[in-house]
Amino acid sequence: MLKPDPNDPIVVTGMGVVSPLGVGVGTNWSRLIAGKSGIVQNDRFDTTDYTARIAGLVPTKDKDPEGFDPLVAVDPKDVKKMDLFIQYGLVAAAEAIAQSGWAPQTDEDRRATATIIGSGVGGSPVMAKAAQLIAERGPRRLSPFTVPSFLANLAAGWVSIKYGFKGPLGAPVTACAASAQAIGDGMRLIMTGEADVAIVGGAEGSVDPISIGGFGALRALSSAHNDDPTKASRPFDAKRDGFVLSEGSAILVIEKLSHAKARGATPLAVLSGYGTSADAYHLTSGSPDGEGAITAMRNALKMGGLTPADIDYVNAHSTSTEVGDAAEIAGIGTVFEGRGKDLAVSATKSATGHLLGAAGALAAIFSIEAIRHGMVPATLNLDQPDEDANRFDLVPHTAKAKDLRHVLVNAFGFGGVNAALVFSRAG
């Protein structure tokens, strides 16, 4: 197993967020800690015939002063060349890169900069509209930018082109573990010497008829709270009835501490460990005992040279589905056997919904902010906790102050993919 040098760890020097809570890390963190929810009525299209009529939509500037404006990072002539997930990725990347201060001036530094941005789905809204256009008006009406606007690797591609980053380019498309694996992939590239800096994370923009309809057909989406959206995402709660589909992007800049110090960058947190695994069990459900998740968590701890006793907080993947929540808690219970209310386990998806391929990176940024501010985000809507989960401190309803040294982040996806990350306090 590759391991980072404890004397020269990999650190995070920049972060950027676009989410249902708004745009910007500061806005997202303050609203998250205040117990705000980004779940709203889905007005993106007519949802009359859909079981789920709510979603975690990124607010636009006309609805929220801290909302989304693609022109912050996208040339007006390019907006129509890219689906929403690419636009979200570019805006989040702009914030992260600006904070990091990384602006390579030489080809050597550009070639040493990797861009790894995952997506679980890519541009399904464009694909849906293209299929409709073909059916109604024929294929000759399609734009030449149709394919480049929906390919899942094009968030990474656009960021690389915009900033001239010429190092390794990648885009894990591993469902809801994609952005966590992107962070892990970037970490490995730095450890092997293939990159000095990596722009990593995820982007998703798939609140569209195909995704809402398809996940609805799986009976995976919450529909019991269509008239009260903020109550819909209920991780670990006995009355949960499915997840809330959401959109957005979360991007981080990572590099070795020595590299950051040499250029005067400020380390925000240490990326201590990464683990990934496969359940080899079922297309859409994890193993009930959390076997694959256990492997991923243990490998992340092992890479970081840490024990379960070192972890102060777990930002759970928990999406608010009965099967998924139960499997994750089973896995956490095994890895952290003997721990109880001294271990905080909360689910920030209760506030944002599930950003699919961008979810892991968003949870990572929230976890880094938790370390920096000594504050554990709450699990909203937790009125009747599951008995198995309630052995831990689930931080119901209200965020709480807690000194945090090491935090573990989980991200799991369809196909049985598992990823876990460990972040630690810088300095």
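As a starting point, this report considers the structure included with it. The shown structure was predicted, so the numbers you read here are calculated from the model rather than taken from an experiment. (Residues numbered from 1 in each chain as written. Predicted model: local features only at pLDDT ≥ 70, side-chain atom pairs only at ≥ 80, totals over all residues. Heavy atoms only, no water.)

## What about empty space enclosed by the protein?
The test is simple: Buriedness of a pocket was judged along seven lines, with at least five required to meet protein on both sides within 12 Å; pockets are open sets of points on a 1 Å grid over the protein atoms alone, cavities are sets where a 1.4 Å probe fits but cannot get out, and lining residues have an atom within 4 Å of a point. Grid points are joined across faces, edges and corners, and a volume is the space filled by probe spheres set on the points. A run of H or I in DSSP counts as a helix once it spans at least four residues, and a run of E counts as a strand once it spans at least two, with each numbered from the N terminus. When residues are sorted by character, Ala, Val, Leu, Ile, Met, Phe, Trp, Tyr, Cys and Pro go into the nonpolar class, Asp, Glu, Lys and Arg into the charged class, and all the rest, Gly among them, into the polar class.
Counting across every chain of the model gives one cavity of 30 Å³ or more. Taken as a whole, the largest cavity spans an internal volume of roughly 50 Å³. Surrounding the largest cavity, Thr-348, Lys-349, Thr-352, Gly-353, Leu-355, Ala-359, Leu-362 and Ala-363 form its lining. At the level of secondary structure, the elements contributing two or more residues to the lining of the largest cavity comprise α12 (349-352) and α13 (359-373). Here the element with the most residues in the lining of the largest cavity is α13; it accounts for three residues. In terms of residue class, the lining of the largest cavity is made up of four nonpolar, three polar and one charged.

## With respect to the layout of surface pockets
The space that makes up the largest pocket amounts to roughly 770 Å³. Lining of the largest pocket is provided by 40 residues; of these, Thr-284, Ser-285, Thr-321, Gly-324 and Phe-414 occupy positions nearest its centre. What the second largest pocket holds in volume is close to 540 Å³. Elements that contribute at least two residues to the lining of the second largest pocket include exactly α2 (84-100), α4 (124-137) and α5 (146-150). A total of seven residues in the lining of the second largest pocket trace back to one element, the largest contributor, which is α4. When grouped by side-chain class, the residues that make up the lining of the second largest pocket number 13 nonpolar, six polar and six charged.

## Structural notes on the pattern of salt bridges
Note the threshold: Here, a salt bridge means any Lys or Arg side-chain nitrogen found within 4 Å of an Asp or Glu carboxyl oxygen. A simple rule labels every residue: compare its accessible area, found with a 1.4 Å probe on the protein chains alone, to the largest value its type can have, and call it buried under 20%, exposed over 50%, or partly exposed in between.
Applying the stated criterion to the full structure yields 16 salt bridges. A salt bridge links Asp-78 to Lys-77; the nearest nitrogen and oxygen atoms lie 3.6 Å apart. On the basis of relative accessible area, Asp-78 is assigned to the buried category, the value being 11%. Residue class for Lys-77 comes out exposed when judged on its relative accessible area of 58%. Note that Lys-400 is salt-bridged to Asp-393, the shortest N-O span being 2.8 Å.

## A closer look at the side chain of Ser-160
Here is the rule we go by: Whether two residues touch is decided by their heavy atoms; if any such pair falls within 4.5 Å, the residues are in contact.
Considering the arrangement of structural elements, one finds Ser-160 in helix α6 (residues 154-163). With a relative accessible area of 14%, Ser-160 lands in the buried category. Excluding anything up to four places from it in sequence, Ser-160 contacts Thr-115, Phe-165 and Leu-169.

## Digging into the nonpolar core
As a reminder, the rule being used: In these notes, a set of buried Ala, Val, Leu, Ile, Met, Phe, Trp, Tyr and Cys residues joined through side-chain atoms within 4.5 Å is what counts as a nonpolar core.
In this structure, Ile-254 and Phe-423 are the most contacted members of the largest nonpolar core, which totals 56 residues. If you tally residues by element for this core, the top one is α13, at ten residues. If we ignore the near neighbours within four places in the chain, the residues touching Phe-423 are Val-12, Val-270, Leu-271, Ser-272, Ala-364, Ile-368, Ile-371, Arg-405, His-406, Val-407 and Val-409. In this structure, Ala-73, Ile-86, Ala-94 and Ile-199 belong to the second largest nonpolar core, which totals 31 residues.

## A few points about the packing of aromatic side chains
Worth spelling out the cut-off: Stacked, tilted and edge-to-face are the three classes applied to pairs of Phe, Tyr and Trp rings, where Trp contributes its six-membered ring and a pair requires centres within 6.5 Å; stacked means planes under 30 degrees apart, edge-to-face means over 60, and tilted covers the rest. A ring is considered to have a charge above it if a Lys NZ or an Arg CZ atom is located within 6 Å of its centre and within 35 degrees of its normal.
Applying the stated criterion across every chain, the model contains five aromatic pairs. A network of ring pairs unites the aromatic residues Phe-215, Phe-243 and Phe-414 as a single cluster. Sitting above the plane of the Tyr-163 ring, Lys-162 keeps its charged end 5.6 Å from the centroid.

## Looking at the pairing of strand β1 (residues 10-19)
Let me state the cut-off plainly: For two strands to be treated as a pair, DSSP must find no fewer than two bridges joining them.
Among the ten residues that make up β1, ten are buried, leaving the element largely enclosed by the rest of the structure. Sheet topology note: the β1/strand β9 (residues 269-278) ladder contains two bridges and is antiparallel. Residue Val-11 lies in a different strand from β9, and its bridge partner there is Val-270. Pairing of β1 with strand β2 (residues 22-23), which is carried by two bridges, proceeds in the antiparallel orientation. Following the sheet pairing, Val-18 is matched in β2 by Val-23. Hairpin connection of β1 to β2: two residues between the antiparallel strands.

## Brief notes about the packing of helix α7 (residues 178-191) against α13
How two helices pack is summed up by the angle between their axes together with the distance between the axes. What counts is decided by this rule: Only the stretch in contact is used when a helix axis is fitted, and all axes are lines through C-alpha atoms; the angle between N-to-C directions ranges over 0 to 180 degrees. Orientation categories follow fixed angle ranges, with anything under 35 degrees roughly parallel, anything over 145 roughly antiparallel, 65 to 115 roughly perpendicular, and all other angles oblique.
Running from N to C, α7 and α13 point in directions that differ by 70°, and their axes come no closer than 5 Å. By the angle between their directions, the pair α7 and α13 is classed as roughly perpendicular. The residues of α13 that touch α7, namely those facing Ser-179, Ala-180 and Ile-183, are Ala-359, Gly-360, Ala-361 and Ala-364. Broken down by class, the residue content of the contact of α7 with α13 amounts to five nonpolar, two polar and no charged.

## Describing the environment of Ala-130
With respect to the helices and strands, Ala-130 occurs in helix α4. The buried category is assigned to Ala-130, whose relative accessible area is 12%. Distance from Ala-130 to Arg-44, taken between C-alpha atoms, is 17 Å for residues 86 residues apart in sequence. Discounting residues that sit within four places of it in the chain, Ala-130 has contacts with Leu-142 and Thr-146.

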